[in-house]
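Residues per chain, in single letters:
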Amino acid sequence: MNLFFALSPFLTLALGALLLMVAEAAAAGNGRGEKVRPGLALGAALTCFASCAAAAGVWFYGVERIEGLDVLQPWLIIDRFTLFFAGLLALGGGLASLLAGGYLPEHQIERGEFYALLLFSTLGALILAAAGDVLTLFLGLETMSLGVYALTAFRRASPRSAEAALKYFLLGSFAAALLLFGFALLYGATGHTDLAGLGQAVKTIASGALSGQAAGPTTLGAAAGPLVLFGFILVLAGLVFKVSAVPFHMWTPDAYEGAPTPATSFMAVAVKAGAFAVLLRVLLVCFGDKQSTSWANGWPAVIAWIAVLTMTVANLVAGRQESAKRMLAYSSIAHAGYLLVGVVATSRDGTAGTSGILFYLLGYTVATIGAFGGLILAGHRGAEAVSFEDLAGLGRRHPAAALPFALFLLSLAGVPPTAGFFGKWFILKAAMEGGFSVLTVVAFLNSVLGAYYYLKVLVYLYMREPGAGAPIATPMKSGYVNVALAVSAFFVVLIGLDPSRSLSVATRAAASLFGG
Amino acid sequence: MISPIVYVALATILFFLGGAGFLFRRNVLVSLMSIEIMLNATNLALVAFNRLHTDSHTGQMLTFFVIAVAAAEVAVGLAIVISFFRIKRSVRTDEADLLRN
């Protein structure tokens, strides 16, 4: 029973996804060969929120008090870090299904499998965040990715959707192959596929104490070191691809632009958060050896360079976009850069850096869902709002649709007192206190630079009028989207006004990664 | 008995061949095959490495899962290729040029 309770966030999602598939198959026709699907979106959203509530339930009951979790070792690790991500990912999945509930019928592409795919993808992301072994890590990663590839291709008649899915699928599979070969090499060098055992063995090999031990791979001898290094590079490349950091970001703008907007918001939120969860776990559990001064601990410098490149390139390119959707894609790359600054900070003070990342992801999740929701709300059937021009004058004509959009953009830009501001604050603080002052300054300058293109949207919303003859955007009406925006706005404001409570939750989650 | 190291060397060569095929060929189906070669190289490496770590069968077990996941990946991949082909009447990646800056 204990086990079922501890796994309830996962089981809820799996069960809900299966039920939705049955419901879609059994949906009644309306006599014209079209199926009537009242409330599939509601079912998907409720499943996700139930999963989120289950994670919160296990959190407040106290995961430490649950006995018998050893049988999951090493496959799944259920700790507060996992539970935090379970709640966050399920929240993201639920809000994305609410957006889909408004968007898909409006654009006449509603088919029930969207919600089932979305739920299975969310489940994959949860498994990814909980993975304690290469096997579960790979299964979770692929469950998440395969669902998202299909979601990207969901608009079958659209050339853009097909092209986006093709690029995303090819590059995503390539990255997964790199990751897996890297782990195969690590397995060869250490004999472990569980992350904890892998970490111990890497520590031994890196400190050069292997020669005296009979348990190690004696036939490899001196080759073990280079094997670990090469494997680590491949694993890092695969993970950096998934968080869409420069130089592995090329797929992101295309996939984000071509996918249906609810799927885009899910990619920006859940795929990124799941990838950061596994990145943190792999780096800190397998390669997080503070005492070691060997090359195995050389990743902070590498990640720091990737972070600088990611932030700078994404911010410079985002400012030149004409499509607001593509701009948001580049903005999500830039946010990956800020988050990587936090990853660098974990190498000095693990708990501070990790809690900063978790807090940032929380604020980023709700603000990003909200921003894409605002974009969805600004368009209607046959006239989806995509470019900046489509948004011109919306704030004057439809203030109720533009106001939440503006709030989320301000949060993404990091304007106080929103959630985004405190996210940046905690990450920069952790980096500064870790002694990475140059990196902190670069990140700060980038967040100032990044504010430019968010404000550009606000200028279009409130200070421009559509050009003569240009189509005038009319917002769509949808209760689902309104609810998603209201929930997101509630969290953005709540976290912004009372950051200490969310931070203490994030800190407890982060501490559990370090055995606290 | 052939040393496992030979198999690992073969796996590495296969992996890089697959990677080169993915990066330099413009046909989507060839790209898909290249990814399959990379995954199979991984399988070979895992099984070969398992001979060095005989206390458990972790490597071989992982291989089974990789085979199953690779099959699922190809199923989704071919579906995407078909939907792309229906629209473009082509399976070349340089035809995918709608989305750009």
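Residues numbered from 1 in each chain as written. Chains lettered and ligands numbered in written order. Predicted model: local features only at pLDDT ≥ 70, side-chain atom pairs only at ≥ 80, totals over all residues. Heavy atoms only, no water.

Draft legend 1. Structural context of the overall build of chain B. Along its length, chain B carries 3 helices and 0 strands. Ordered by position in the sequence, the α and β elements of chain B form the string α-α-α. The C-alpha atoms of chain B give a radius of gyration of 17 Å, which is well past the 13 Å a tight globule of 101 residues would have. Looking at chain B residue by residue over its 101 residues, the buried ones come to 43%. When contacts within chain B are restricted to residue pairs at least 6 apart in sequence, long-range pairs at least 24 apart make up 54% of them. (Helix = DSSP H or I, 4+ residues; strand = E, 2+ residues; numbered from the N terminus. Rg over C-alpha atoms; globule rule 2.2 N^0.38 Å. Buried < 20%, exposed > 50% of the residue type's maximum accessible area, 1.4 Å probe, protein only. Contact = heavy atoms within 4.5 Å.)

Draft legend 2. Representation of the overall build of chain A within the structure. If you tally the helices and strands in chain A, you get 20 helices and 0 strands. In summary, chain A has a C-alpha radius of gyration of 22 Å against a globular reference of 24 Å for 516 residues, a match within 12%. Projected onto its principal axes, the C-alpha coordinates of chain A cover approximately 80 × 55 × 40 Å. Sorting the 516 residues of chain A into buried and exposed places 65% on the buried side.

Draft legend 3. A look at the interface of chain A and chain B. On the side of chain B, 45 residues touch chain A, which itself brings 49 residues to the contact. Both faces combined, the contact of chain A with chain B buries some 4,000 Å², and carbon together with sulfur accounts for 81% of it. In this assembly, chain A and chain B are joined by 0 salt bridges. On inspection of chain A and its partner chain B, the count reaches 9 residue pairs in polar contact (both at pLDDT 80 or more). Those elements that provide at least two residues to the side of chain A that touches chain B are helix H6 (134-152), helix H7 (159-190), helix H9 (224-242), helix H10 (251-258) and helix H13 (324-345) of chain A. Looking at which element gives the most residues to the side of chain A that touches chain B, the answer is H7 of chain A, with 22 residues. When its residues are assigned to classes, the side of chain A that touches chain B shows 32 nonpolar, 9 polar and 8 charged. (Buried area = accessible area lost by both parts, 1.4 Å probe. Salt bridge = Lys/Arg side-chain N within 4 Å of Asp/Glu carboxyl O. Polar contact = N/O pair within 3.5 Å; in protein donor to acceptor, adjacent residues only side chain to side chain. Nonpolar A, V, L, I, M, F, W, Y, C, P; charged D, E, K, R; others polar.)

Draft legend 4. Main features of the packing of aromatic side chains. Residue and element names in this part refer to chain A. Applying the stated criterion across every chain yields a total of 23 aromatic pairs over all chains. Look at Phe 84 and Phe 85: their rings are 6.0 Å apart centre to centre, the planes differ by 85 degrees, and that puts the pair in the edge-to-face class. Take Phe 85: its relative accessible area is 0%, and that puts it in the buried class. Between Tyr 168 and Trp 251, the aromatic rings sit 4.6 Å apart at their centres with planes inclined by 5 degrees, giving stacked as the arrangement. (Phe/Tyr/Trp six-rings, centres within 6.5 Å; stacked < 30°, edge-to-face > 60°.)

Draft legend 5. Spatial organisation of a nonpolar patch on the surface. Side chains of Trp 75 of chain A together with Met 61, Phe 64, Phe 65 and Ile 67 of chain B sit close together on the surface and give an oily, nonpolar patch of about 480 Å² of accessible area. Structurally, the position occupied by Met 61 of chain B is in helix H3 (residues 58-88). Note on Met 61 of chain B: relative accessible area 34%, which makes it partly exposed. (Patch = residues over 30% accessible without salt bridge, like charges linked within 9 Å, V, L, I, M, F, W, Y side chains within 5 Å. Areas by Shrake-Rupley, 256 points an atom, 1.4 Å probe, with all protein chains shown as cover.)

Draft legend 6. Quick peek at the packing of helix H4 (residues 80-106) of chain A against helix H14 (residues 350-378) of chain A. All names here are of chain A. Running from N to C, H4 and H14 point in directions that differ by 5 degrees, and their axes come no closer than 10 Å. It follows from the interaxial angle that H4 and H14 lie roughly parallel. For the pair H4 and H14, the contacting residues are Phe 81, Phe 84, Phe 85, Leu 88, Leu 91, Gly 92, Leu 95, Ala 96, Leu 99 and Tyr 103 in the first and Thr 354, Leu 358, Leu 361, Leu 362, Thr 365, Val 366, Ile 369, Gly 373 and Ile 376 in the second. Within the contact of H4 with H14, the residues separate by chemical class into 15 nonpolar, 4 polar and no charged. (Axes fitted to C-alpha atoms, helices over the stretch in contact; angles between N-to-C directions. Parallel < 35°, antiparallel > 145°, perpendicular 65-115°, else oblique.)

Draft legend 7. Structural view of unusual backbone geometry. Residue and element names in this part refer to chain A. In this model, Gln 73 is joined to Pro 74 through a cis peptide bond whose omega is -5 degrees. On the secondary structure map, Pro 74 appears in the loop between helix H3 (40-61) and H4. The omega angle of the peptide bond from Val 246 to Pro 247 is 10 degrees, so this bond is cis rather than trans. Not every positive phi belongs to a glycine, and Gln 108 is a case in point at roughly 55 degrees. With respect to the helices and strands, the residue Gln 108 is situated in the loop between H4 and helix H5 (113-130).

Draft legend 8. Quick peek at helix H16 (residues 399-413) of chain A. Residues and elements named next belong to chain A. Taking 1.5 Å as the rise per residue, H16 with 15 residues should run 21 Å; its terminal C-alpha atoms sit 20 Å apart, in good agreement. Three or more residues of H16 are buried, namely Ala 401, Ala 402, Pro 404, Phe 405, Ala 406, Phe 408, Leu 409, Ser 411, Leu 412 and Ala 413. Taken together, the buried residues of H16 touch H13, H14, helix H15 (394-397), helix H17 (419-433), helix H18 (437-463) and helix H19 (479-497). Just beyond H16, the residue with positive phi is Gly 414, at close to 85 degrees. (Expected span 1.5 Å × (residues − 1).)

Draft legend 9. Focus on the side chain of Arg 80 of chain A. Residue and element names in this part refer to chain A. When you line up the elements, Arg 80 lands in helix H4. One polar contact links the side chain of Arg 80 to the main-chain carbonyl oxygen of Trp 59, over a distance of 3.1 Å. Excluding its chain neighbours within four sequence positions, the residues that come into contact with Arg 80 are Trp 59, Gly 62, Val 63, Glu 64, Arg 508, Ala 509 and Ser 512.

Draft legend 10. Layout of the confidence of the model for chain B. This prediction gives chain B a mean pLDDT of 93; 99% of its residues lie at or above 70. At the level of chain-chain contacts, confidence expressed as ipTM amounts to 0.97, with global pTM at 0.95. (pLDDT = per-residue confidence, 0-100.)

Draft legend 11. The arrangement of the environment of Phe 81 of chain A in detail. Residue and element names in this part refer to chain A. With respect to the element layout, Phe 81 can be found in helix H4. Considered as a pair, Phe 81 and Ala 345 are 264 residues apart in the sequence and their alpha carbons are 18 Å apart. Dropping the residues within four chain positions of it, Phe 81 is found in contact with Ala 277, Leu 280, Arg 281, Thr 354, Leu 358, Ala 509, Ser 512 and Leu 513.

Draft legend 12. Layout of the nonpolar core. All names here are of chain A. Among the nonpolar cores identified, the biggest contains 227 residues, and Phe 85, Phe 183 and Val 343 are the most heavily contacted of them. Ranked by residue count, the leading element in this core is H7, at 19 residues. Ignoring anything within four residues of it in the chain, the contact list for Val 343 reads Phe 276, Leu 279, Leu 280, Leu 283, Trp 299, Ile 303 and Ile 357. (Core = buried A, V, L, I, M, F, W, Y, C linked by side-chain atoms within 4.5 Å.)

Draft legend 13. Region of interest: the environment of Ala 336 of chain A. On the secondary structure map, Ala 336 of chain A appears in helix H13. C-alpha separation for the pair Ala 336 of chain A and Ile 78 of chain A, spaced 258 residues apart in sequence, amounts to 25 Å.

Draft legend 14. Representation of the pattern of salt bridges within the structure. Residue and element names in this part refer to chain A. Inspection of every chain in the model, using the stated rule, returns 13 salt bridges over all chains. Between Glu 113 and Arg 111 there is a salt bridge; the shortest N-O distance is 3.0 Å. Glu 113 sits in the partly exposed class, given a relative accessible area of 31%. The exposure class of Arg 111 is buried, given its relative accessible area of 18%. Salt-bridge contacts for Arg 326 lead to Asp 254; the nearest nitrogen and oxygen are separated by 3.1 Å. Here Arg 326 is found in helix H13, whereas its partner Asp 254 is found in helix H10, with 72 residues between them in sequence. On the basis of relative accessibility, which here comes to 4%, the residue Arg 326 falls in the buried class. What you see here is one network of salt bridges that share partners, running through Arg 160, Glu 163, Lys 167, Asp 254, Glu 257 and Arg 326.

Draft legend 15. Expanded view of the packing of H4 of chain A against H5 of chain A. All names here are of chain A. Between H4 and H5, whose axes approach to 9 Å, the crossing angle comes to 165 degrees. Comparing their axes, H5 and H4 come out roughly antiparallel. In the packing of H4 onto H5, the handedness of the crossing is right-handed. The segment H4 lies against H5, with Thr 82, Phe 85, Ala 86, Leu 89, Ala 90, Gly 93, Ala 96, Ser 97, Ala 100, Gly 101 and Leu 104 engaging Phe 114, Tyr 115, Leu 118, Thr 122, Ala 125, Leu 126, Ala 129 and Ala 130. Residues of the contact of H4 with H5, tallied by class, amount to 14 nonpolar, 5 polar and no charged. (Left-handed = near helix turned anticlockwise from the far one by under 90°.)

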